[in-house]
Amino acid sequence: MNSRVAAASARTTRQGKRRERYEDDPEEEATLLGEELRDGESRDLEDEAHEETASQISTVSRQTKSLGKDKSRTVPFRPPEKLQKKFPPNIVRNQKYNAFTFLPIVFYEQFKFFFNLYFLLVALSQFVPALKIGLIATYIAPLAFCSLRNNCADNNKADAPIKDIHTFIGTFTINTPPSVSQNELPMVPVPTIEPLTAENVLWSNTVLAAGSAVGFVIYTGLETRAVMNTSHPETKVGLLDIEINRLAKILCTVTFVLSFVLVALNGFRGLWYIYIFRFLILFSSIIPISLRVNLDMGKTVYAQQIMTDTEIPNTIVRTSTLPEELGRIEYLLSDKTGTLTQNEMEMKKLHMGTVSYGFDSMDEVTHQLSMAFGATAETGHGRNPSIATGVQMANRGRRDMSSRVHDVVLSLALCHNVTPVRNDDGSVTYQASSPDEVAIVRWTESVGLTLTFRDRTRIELQTPAGSRLLFEVLDLFPFTSESKRMGIVVRDTQSGEITFLEKGADVVMAKIVQRNDWLEEECANMAREGLRTLVMARRRLSEQSYAEFKKQHHQASIRLEGRNEAMATVVSEYLERDLELLGLTGVEDKLQDDVKSTLELLRNAGIKIWMLTGDKIETATCIAISTKLVARNQYIHQIAKLKTSDEIRHQLDFLQNKLDCCLVIDGESLQLCLNLFKTEFIEIATKLSAVVACRCSPTQKADVARLIRHHTRKRVCCIGDGGNDVSMIQAADVGVGIVGKEGKQASLAADFSVTQFSYLTKLLLWHGRNSYRRSAKLAQFVIHRGLIISVMQAVFSSIFYFAPIALYQGWLMAGYATVYTMAPVFSLVLDRDVNEDLALLYPELYKELTKGRVLSYKTFFQWTMISVYQGATIMIMSLVLFENEFLNIVAISFTALVLNELIMVALEITTWHMYMVISEVVTFFLYALSLAFLPEYFDLSFVLSSSRTRGF
């Protein structure tokens, strides 16, 4: 077999009357595979094949050297081992770690953040005796908790096969004819060359509907498209964590400055450099490691609340480090099929120029079809023949209505790529690459014309009367994104009549069919109804004209250069001329539940929505209208098939002055814009209210997501349901996967998994908003808690000769951030400023949150000033008011500190929760009890005497 890049093929056989499927011919299969040849011939033919292959490989090699870019290859059946070793082994490794890289990668992921690195250094300093302050466990334990918890939240993800899946060119050469005896002459020329295209490729997870297929592997291991298009996702980090990391750097600077100032004020006496480090450790609570512990525990609580929400059942949080990101989304990039729609098509309308049949009047089609096939009403669908049909048409020299219905329904039942598969239980399932075609075939079945059998060479139909119609498939022209149509040439085995049938998008079919005055208008009407339109047409062929076409088409199909263009030219010249327009179909893609209201709420929340789909422009535009992604009467600007930079510049200039429109752009034009005017395009596109990108490859989807992130610095959420959405989901700040009919690939690769698109409303506007607000408040309060005790330490050291001695040691320091304040402070993760109904009723509340005002430099410095004021006041007032009780100044100031924190928590709470009340009360009593059980820190007699004095 000789191939300039060949693929697994189930269709490379002789065509026309000589077409015979080799899977049904054991002798032919054996000959093709070289398994069972005549005695004495096998070895000779194999040697000849190897010699010829070597010659061909040498030729290709020389071409490669001369051209520099030619990477074509020749692959024979049963290739020698030497040839196999030239290509990579069929092994793919996609794990993130191995035994040697696990620890280095984990440590890097954790300590690349200044926050964690700072506490690592502080913890290590406690192993130096001169720097040791307090218990080592208070430094090590929280750090270990953070590292363990963050690593457990990491995901091991793999991308899906994506790039350049629509193009494949090769040839299939049969050097050995299937002969029965040595004296028999071959019935076909040797060698026989057949074309190979993307239609001959068996992709991963392909279901072979009928028969069998012989194939072999061309690309292996690292050369497979799956590996070449695999992106290795980075560990996602929330914006809140990045912001806190920045604040930590500011606090660290403050710590250094404060330590240096205190040592300088002491005149750099003694081992001043040691004192600086001791002060640094004393003030380490300014950057509290408990902040990381509290935030990580809060994320766990948020994740649990999301997964236990009964209104969004079966929602799974796969990356629990990102709940706050859900509250800051400004761009939503969504797939269409299976995400906004259910991927369930249903035929809703049939228009035939002078008459239109809606969903409620399909019974009329059934009756007309029964009459056309000569069936009585009783044998048809149980109709009473005396009942009038209600359709009165004047016969203006044309066929009567029944004949016209017969022609369009019969054409729809034949012009497709659908294969009926009989299940074990006797039911029939239709399989096809396009759900539109399945919907049309189901509709023809519902009106009485049933597809009963289909293979590569023939189609069998059952009429309303129960008789069988058999058609021979002579040629098939599959749908492509370039042609936007599909055609088929069939021969009626009973009459021998040859007919070319074609259906496709109105934009291309309008130029092919005979002149008419209704197609354009009706297509526009159906599009406004959100229906996917297909134009059905036909042309009768004579034996002579078909034979001439076949000859020219075969010559074009075996060309290696310009093959597709040559084949299209032949089809256009011989077949696609003056087609008879039969009718227009309208198919509805059912929307997901509550999609319209969900998109409206998200839009009101200030989220700009982009729809990225692999579908054609017409289909995507219909869905954009039906989902209300495009507002009523909003102008839709379509950009397609741009070729030059001047065309792009003209379109960008127009969009700059029309920012209130919805942009619909195809993948080819999108790629050209990104290549030539990336910055200008993304700057304009991100200002538009809605963008629909059609014919997007999965790689383009991911590129768009990254580009929006990098250009706008805003949070981007991507949602999809299929394997082709995995790259986009992984490229987003937040990836949401829908468990749908296409499997769980998107769900497993995503950060959040849902079962319906409408769940986004609750996920973002309620859980996301709450998570961000709560974490922002919690973070600032924990920083306040650390700052206030550090300020007290600074005041204490300043008063007592700038000595680097800890104000609170041992249990007091450990208990302050745990037993005495942990529960009340952490209870802030249950706070909420508004109830759920109000948050969903007024999505504008979410829009306000995306501005980042909840946690900003302004709020940070406000809390810093509060901490400085309270810390200084508590320490100074304790020294002034209890001047005579200096030995108890630690207990006095610490008590005031704990009570201050409990009061501050109570003041910060907006909506009280039962846990908040319990945590406040229980913490207060725990502290009161500890006064009696910690005599080394608290003088109980002093406390009781003070109480008696105040009581007296």
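Before any of the text, the structure's been laid out above.
Please read all numbers here as calculations on a predicted model, not as lab measurements.

Peer 1: How should I be thinking about the sheet that holds strand E11 (residues 468-477) in this particular structure?
Peer 2: Strand-to-strand pairing in sheets goes through backbone hydrogen bonds, with the strands running parallel or antiparallel. Read across the open sheet, the nine strands follow the order E6-E5-E15-E14-E13-E12-E11-E10-E9; overall the sheet is antiparallel. The outermost strands of the open sheet, each flanked by one partner alone, are strand E6 (356-357) and strand E9 (450-454). As defined by bridge partners, E9 adjoins strand E10 (residues 458-462) across four bridges and the pair is classed as antiparallel. Bridging across to E10, Thr450 finds its partner in Gln462. The strands that helix H14 (residues 435-446) touches are strand E5 (341-351), E9, strand E12 (485-492), strand E13 (498-504), strand E14 (532-541) and strand E15 (580-591); relative to E5, the one it contacts most, it runs at about 50 degrees. Here helix H16 (residues 519-528) sits on the sheet and contacts E5, E14 and E15; the angle it forms with E15, its principal contact strand, is near 10 degrees.

Peer 1: Help me out: how do you make sense of the packing of aromatic side chains in this one?
Peer 2: The relation between two aromatic rings is expressed through the spacing of the ring centres and the mutual angle of the planes. In total, this model carries 20 aromatic pairs according to the counting rule given. Here the aromatic rings of Tyr546 and Phe549 are separated by 6.1 Å at their centres, their planes lie at 40 degrees, and the arrangement is tilted. Linking Tyr546 with Phe549, this pair stays in helix H17 (residues 543-557), spanning three residues, or about one helical turn. Phe549 shares its class with Tyr546; the two are buried. Ring geometry for Tyr927 versus Phe938: centroids 5.8 Å apart, planes at 85 degrees, classification edge-to-face. Taken together, the residues Tyr927 in helix H34 (residues 914-933) and Phe938 in the loop between H34 and helix H35 (940-951) connect sequence positions eleven residues apart. Across this residue pair, the class does not change: Tyr927 and Phe938 are buried. Linked through ring pairs, Tyr808, Trp811, Tyr816, Tyr820, Phe894, Tyr927 and Phe938 together constitute an aromatic cluster. Positioned above the aromatic ring of Phe359 is the side chain of Lys348, whose terminal nitrogen or guanidinium carbon lies 4.1 Å from the ring centre.

Peer 1: Explain helix H23 (residues 678-685) to me, please; I cannot follow it from the model alone.
Peer 2: Along an α-helix, residues three or four apart share an orientation, since each turn contains 3.6 residues. When H23 is considered as a whole, its buried residues turn out to be Phe681, Ile682, Ile684 and Ala685. All buried residues of H23 project into a common sector of 165 degrees when viewed along the axis, lining one side. Those residues of H23 that are buried are in contact with strand E16 (608-612), helix H21 (645-656), strand E18 (662-666), helix H22 (667-676), strand E19 (690-694) and helix H24 (698-712).

Peer 1: What exactly am I supposed to notice about the side chain of Arg563 here?
Peer 2: Looking at where Arg563 falls in the secondary structure, it is placed in helix H18 (residues 563-574). The side chain of Arg563 is buried and forms no salt bridge, while Glu565, the nearest opposite charge, is found at 8.7 Å. Polar side-chain contacts of Arg563 include one of 3.0 Å to the backbone oxygen of Ser557. Within the structure, Arg563 has its side chain in polar contact with the backbone oxygen of Arg559 (distance 2.8 Å).

Definitions and cut-offs
Residues numbered from 1 in each chain as written. Predicted model: local features only at pLDDT ≥ 70, side-chain atom pairs only at ≥ 80, totals over all residues. Heavy atoms only, no water. Pairing = 2+ DSSP bridges. Helix = DSSP H or I, 4+ residues; strand = E, 2+ residues; numbered from the N terminus. Contact = heavy atoms within 4.5 Å. Axes fitted to C-alpha atoms, helices over the stretch in contact; angles between N-to-C directions. Phe/Tyr/Trp six-rings, centres within 6.5 Å; stacked < 30°, edge-to-face > 60°. Buried < 20%, exposed > 50% of the residue type's maximum accessible area, 1.4 Å probe, protein only. Lys NZ or Arg CZ within 6 Å of the ring centre and 35° of its normal. Arc of directions from axis to C-beta. Lys, Arg positive; Asp, Glu negative; His and termini not counted. Salt bridge = Lys/Arg side-chain N within 4 Å of Asp/Glu carboxyl O. Polar contact = N/O pair within 3.5 Å; in protein donor to acceptor, adjacent residues only side chain to side chain.

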